[in-house]
Every structure is written in C-alpha cells, then in structure tokens.
Amino acid sequence: MKRPARIVAIGAVLALSACFPRTEEAPEGIAPVAELTDQAVESEAIAEPETGPKKAAIDWNAARADFANQDSDTVTTQGSGNVAVPILLPEIPVTIQSDGPPPLRFTEVPDGYFAVVTGEAYDVIINGTDRLLAAPSNLPEIDASQMRFEDTMTGSQISFNRYGASYLVEFACKGPPNANSCIEEDDAKQAVEELLLAGTQ
Amino acid sequence: MRQIWWAASLGLIIALSACDAVRIPGDGRAPPEPPPTIPEGAPGPPPPAEPAPDPEGVTDPVEPEPEEPAPLEPEPVEPEPEPEPEPVVPEPEPEPEPEPLPIKFQYYAPGELISGSGIGNRSDTLYAPDMVFPIKDAPAFPQSQVWRFGGGMSTGGQCDARNYEAPWQDNFCEARSSQKRATMCPETRVHQGQDIRVGTRQGCIDMFNVRPNKPTLYKVVAVEDGIISYQGGYYLQHKGTQTGNIYNYIHLNMSALQVSVGDTVAAGQHIGYVSDDFGGTPTTFHLHFEIKAPIEGQGIMHVPPYMSLVRAYERRENGRGEMIEPDLVAIASVPVFPEGFEILE
C-alpha cells in the first residue's frame, strides 16, 4: 500500500513539473515569436502580388484653391458635392435645349465620374478615378502629371494625374477607323489643357 | 542442517551482544540488581518523545530501533482523483483531397505571342481578377486575328477548323502598322487588347452566310457590374463600378445591342452579340476586348487582359486551363510590314 502511494506521489510531481511552461507564456492572442516567424515565412512564400485597387489620396485643398482662382464662370458645376475626385470638364457653351442628345452627359460613380461631350468629328469621354492598382516593377517611372498621348482603335486618348486622381480623356472618332486618328496630338493636348474644374468636395 | 546451526549460533551471538551482562547458571555470582528508580524531576536526559502517530493510523507496537531510523516518507499527497476518462472521439478522417477540376482548355503563357508577331507582356497580373468571361456560353479561343488563318498576315479562311482547335494565345502587344502605343508593351505600334474568336467552325460559316445581316449567334455579356458609358460606331464602353476599370467590347453587332448608354448592368448581363462590325469594312468574327485600368504613378492605361480572361473562363467552365509550351520556340520579334501595308484591327 505504501509503495503504490509513493509511486503516485513521484509521478504527480513529475507530471506537474512537465506542466510548467518552458518559456514565459505569451499574452492571449499574441503568437509566440517563433511561431510568428514561421508564419511570416510561410505566408511570404505563397504571397501573391497585390492586385486589388486602393484609393488615392486626393489633394482637395489644391483643387479648391484652383477652383476659386479659376478664370471662368461658364463651366457648369456638376456632381453631388461628394464626387470622389475633383471634376474636370470642358467649357460647354450654353445652348437652347434641342431634340438632340445633350452636349454633356455627366455620371457620378463610386470611384469618381465619367462625362461624355458630344462633338462633330469626335466625342470626348472624360474619366476621373481615385482607384490605383500597383504598378508592375518593370515600368519606368514617369512624371504622371504630364499628359501622355496614345492612338487607339477608337481614336486617341490622353492620360494624366492631377490632385492625386487619375484622369483619362478619350477622343472617340466618328466614322470608319483610319490609320490616322481624327485628332492630332497637339489639338488633343490643347483640349485637355482647357479643361476646367466643375466641382470639388 | 549445518547452515541452520551456524545461523542459530550467529543469531545467539548478536542477541547476546545486545545484553549488558550474561549470567551463566551455577557460576556463584549474585543476580544483578535492578536499576535504581529515577525520581520524577531528577536531572538527566529527557525521556524519549512520543512516537509520531502512524500516518496510516496503524499503531506499530514495536519501538523503532534507534540505529535504523524510519525512512522519511514524503508528505502525504492526497491522490488526485482519477480523471474522468475522456469520451473516445473517433479520429476524424482526413479531408479527402479535392478532386482536381477537369482540364477544359489549353493556353500558352502570357506574352507568348505567335512567333514573329511582336513582343508580348509576360506579366500574369490579374487586372480584373473577379470578372465574368465576356462570352456567355459559347466556346472561346483567344488568339490573333491577323496572324492566324484568315488574317492579313496568314493564309486560308477565318472559318478554318484549325482556328477552333488551337490553344489560347495572347495577342496584347501584337505588332501593328499604325501608331498605337501601350505603356505596358515593350514596343510601340501594338495591339491594345485581346482578340477572342468565338464558337465553332460551323458557327463561323453560319455567321458568314447571314450576310449582309449581322449575326446574333453568340452572346456577349458584361464582365463586371457597372454602367454602359459610351456607344461608338462599332463598340460599347462599360465603366466597372467595382474595380473602376474601363472595358471596351469592339466589333459587336451594333444593330442588335441589348443595352443603351446610361444603362446599369450586372456582371454576366447580356449586352450584345459577337460580330465583325468595324465601321464599314468588316473584320473577322470575333470580340476585341480591352481593359483600361488606373496604374499607380502612371495613369489610366491599357493593361493585359489575357490572364484575367484565363481565370474567368476557368470559372465559367468550372474547370481549369492547362498552360502548355509551344511546339516551336517562339521568336519574339517585330515584323517588318510591306510599304503601304496597314493593319487597322
């Protein structure tokens, strides 16, 4: 009877000693450093390139200052006042409403806006967005505030950044496609330089 | 017997050594006097302490010998109650490996253009990772329209059966004669989207035979929730409201569009039909699909749609694409077009 009792006691002592943590217990919810390192290595190995869009930081102060100093009173203010990016539009002459399509169609979207200005030789489509996708590492760094002109299958386009937002102005040629666009690069850039602020937050 | 005698003698000697004196009868000596009685309180060594109670409650009638002190026993430990036996939980069977989805199509790597047709973009970045495939349910074969059968840089007719058996092939950045540029292409004068041949050889013949009417055989659908932002002479433009991307669907049957400018569309919604409209002179029956996306530090630009299309088709088919190596090592080179030769497509 005594021997089994002695064995049980020694076993209990050994068992208790085995229960003591070998290192200081980490606070609840925080993984021990070693585990964290392992996890980091593992997740790095399977990490995929970031492709989800993020939101650009918009410089509303600069946009408001430009809006206040704008030397024009003919541009029509557009948008709800909460459009995600400053609104750039061409100056549209005020016309009497006719049966034809309105000279400017403005649409607010979650990431900004788009607007279509109907013309004779081409229509102008202006897109403004606050979304940004990570640039591939092999693209050369550029001054994105500068206008970049490209011919396209449907006409020409100019992209540029301003106030932190990204803009695309497309010149959609009417008529059959042609080897040459319906608008020259200089004329397209002139048209973009004449865009005015039609709304800020 | 001898051993017993020796043991008895040894025991006797030991027992005698414990005695103060040994009296042998008949030796004439007086018996020893009893020890004097010690009065209570007299100086002297203290009486032995009371024996410790037996921890197990059993009184030991025998005084422990001083030479052999009782071994120290550990403090009595209340034995822990036997733990309730844990209910036997059957070992969970390991999750069976999910059956790999069946291979539904084959494709060449992104940027692997037809040899001699230009230098591609080898990025596998998904610029529209969740998009719906733009063709509702017909088989689809993304491939060059200019360098394959029936194209301006090849022989044969567009309905050649081999066009409908070929693995998928990227043609973003494919060479063009006109000044079309894309920042993501290594060269200038490039194709800014992905051409998708649709259907079957017989479908191609059927579409051809309805001329001069335009076909309504293969449905084109919106790839993302959004708004139809513009209608050109031979295309629709669609602004995605999830990603902010701009999508162009070019060469639709413009006389049978299913949506109008300003319409809100849902991903997968039918918007039109595959055709060959090109503002006058027709092209081959196919969908030219473009994505324009806002790239950090660069601006809004044409991006490669190929891998987004691969993934979207896998979802549509509930299968997977198998990436394969070309039979011949493609030579990434820019062709020299003959004087006056134009590729508008």
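Bear in mind the structure is a predicted one, so any value in this text is a computation, not a measurement.

*Asks:* Sorry, what's going on with the interface of chain B and chain A here?
*Replies:* The extent of an interface is frequently quoted as the accessible surface area lost upon association of the parts. With 49 residues of chain B at the contact, the number on the chain A side is 48 residues. Taking both partners together, chain B and chain A bury about 4300 Å²; carbon and sulfur atoms supply 58% of that area. Looking at the side of chain B facing chain A, the largest losses of area belong to B:Glu296, B:Gln298 and B:Ile300, adding up to 15% of the total buried there. At the boundary of chain B and chain A, one finds 3 salt bridges. Across the salt bridge formed by A:Asp111 and B:Lys239, the nearest N and O atoms sit 2.9 Å from each other. Residue assignment for the side of chain B that touches chain A shows that the elements contributing at least two residues are strand S5 (226-231), strand S6 (235-240), strand S7 (246-250), strand S10 (287-295) and strand S11 (299-303) of chain B. Counting residues per element, the side of chain B that touches chain A draws most heavily on S10(B), which supplies 6 residues. Counted by class, the side of chain B that touches chain A contains 20 nonpolar, 19 polar and 10 charged residues.

*Asks:* Help me out: how do you make sense of the state of the cysteines in this one?
*Replies:* What we call a disulfide is simply a covalent bond connecting the sulfur atoms of a pair of cysteines. Counting across every chain of the model gives 3 disulfides over all chains. With cysteine numbering restricted to those in disulfides and following the sequence, chain B has the pairing 1-4, 2-3.

*Asks:* For this particular structure, what's the right way to read the pairing of S6(B)?
*Replies:* Two faces, one strand: in a regular strand the side chains alternate between the faces of the sheet. Residues and elements named next belong to chain B. Buried residues dominate S6, accounting for 6 of its 6 residues. Covered by surrounding structure in S6 are Tyr235, Gln237 and Lys239 together with Leu236, His238 and Gly240, the residues of both alternating faces. Where S5 folds back on S6, the antiparallel hairpin that results is connected by 3 residues. Hairpin connection of S6 to S7: 5 residues between the antiparallel strands, including Gly244 at a positive phi of 85°.

*Asks:* Just to check I follow, could you spell out helix H3 (residues 306-317) of chain B for this structure?
*Replies:* One turn of an α-helix holds 3.6 residues; hence residues three or four places apart share an orientation. Residue and element names in this part refer to chain B. Between its first and last C-alpha, H3 extends 16 Å over 12 residues, near the 16 Å set by a 1.5 Å rise per residue. Elements in contact with the buried residues of H3: strand S1 (103-108), strand S2 (140-142), strand S3 (194-198), S10 and strand S12 (320-324). Asn318 occupies a position one or two residues after H3 and carries a positive phi of about 50°.

*Asks:* What am I meant to see in the sheet that holds strand S3 (residues 104-109) of chain A here?
*Replies:* Each strand in a sheet pairs with another by means of backbone hydrogen bonds, the pair being arranged parallel or else antiparallel. Residues and elements named next belong to chain A. As summarised here, the arrangement of the 6 strands in space is S3-S4-S5-S9-S8-S7, forming an open sheet in which the pairing is antiparallel. In the strand order of this sheet, the two ends are held by S3 and strand S7 (148-152), each with one partner. Neighbour to neighbour, the strand axes of the sheet diverge by 15° on average, direction disregarded.

*Asks:* What's the story with the pattern of salt bridges in this structure? I'm lost.
*Replies:* Side chains carrying opposite charge are able to pair once their charged atoms draw close together. Residue and element names in this part refer to chain B. Going through the model one piece at a time under the given rule, you end up with 14 salt bridges over all chains. The partner of Glu317 in a salt bridge is Arg316, and the shortest N-O contact between them spans 2.8 Å. Among the charged side chains, a salt-bridge network with shared partners connects Arg211, Lys214, Asp276 and Asp277.

*Asks:* How should the packing of aromatic side chains be read in this particular structure?
*Replies:* Both the distance between ring centres and the angle between the ring planes are used here to describe each pair of aromatic rings. Across all of its chains, the model carries 15 aromatic pairs over all chains by this definition. On the numbers, 5.5 Å between centres and 85° between planes, the contact of A:Tyr122 with A:Phe171 is edge-to-face. With A:Tyr122 in strand S5 (residues 122-129) and A:Phe171 in strand S9 (residues 165-173), this pair connects stretches of sequence that are 49 residues apart. Classification of A:Tyr122 by relative accessible area gives partly exposed; the value is 24%. Their ring planes at 55° and their centres at 4.8 Å tell us that B:Trp168 and B:Tyr313 sit as a pair that is tilted. Highlighted residues: B:Trp168 in the loop between S2 and S3 and B:Tyr313 in helix H3, separated in sequence by 145 residues. For the pair B:Trp168 and B:Tyr313, a shared accessibility class is recorded, and that class is buried.

*Asks:* Whenever I open this one, the confidence of the model for chain B confuses me. Can you help?
*Replies:* Close inspection of predicted coordinates is inappropriate for parts of the model with low pLDDT. Residues and elements named next belong to chain B. Taken residue by residue, chain B gives an average pLDDT of 83. The fraction at 70 or more is 76%. Every residue in residues 41-64 scores below 50 in pLDDT, and together they form 2 contacts with partners more than four places removed in sequence or on other chains. The complex prediction reports pTM at 0.73, with the ipTM value standing at 0.74.

Calculation notes
Residues numbered from 1 in each chain as written. Chains lettered and ligands numbered in written order. Predicted model: local features only at pLDDT ≥ 70, side-chain atom pairs only at ≥ 80, totals over all residues. Heavy atoms only, no water. Contact = heavy atoms within 4.5 Å. Buried area = accessible area lost by both parts, 1.4 Å probe. Salt bridge = Lys/Arg side-chain N within 4 Å of Asp/Glu carboxyl O. Helix = DSSP H or I, 4+ residues; strand = E, 2+ residues; numbered from the N terminus. Nonpolar A, V, L, I, M, F, W, Y, C, P; charged D, E, K, R; others polar. Disulfide = S-S within 2.5 Å. Buried < 20%, exposed > 50% of the residue type's maximum accessible area, 1.4 Å probe, protein only. Pairing = 2+ DSSP bridges. Expected span 1.5 Å × (residues − 1). Axes fitted to C-alpha atoms, helices over the stretch in contact; angles between N-to-C directions. Phe/Tyr/Trp six-rings, centres within 6.5 Å; stacked < 30°, edge-to-face > 60°. pLDDT = per-residue confidence, 0-100.

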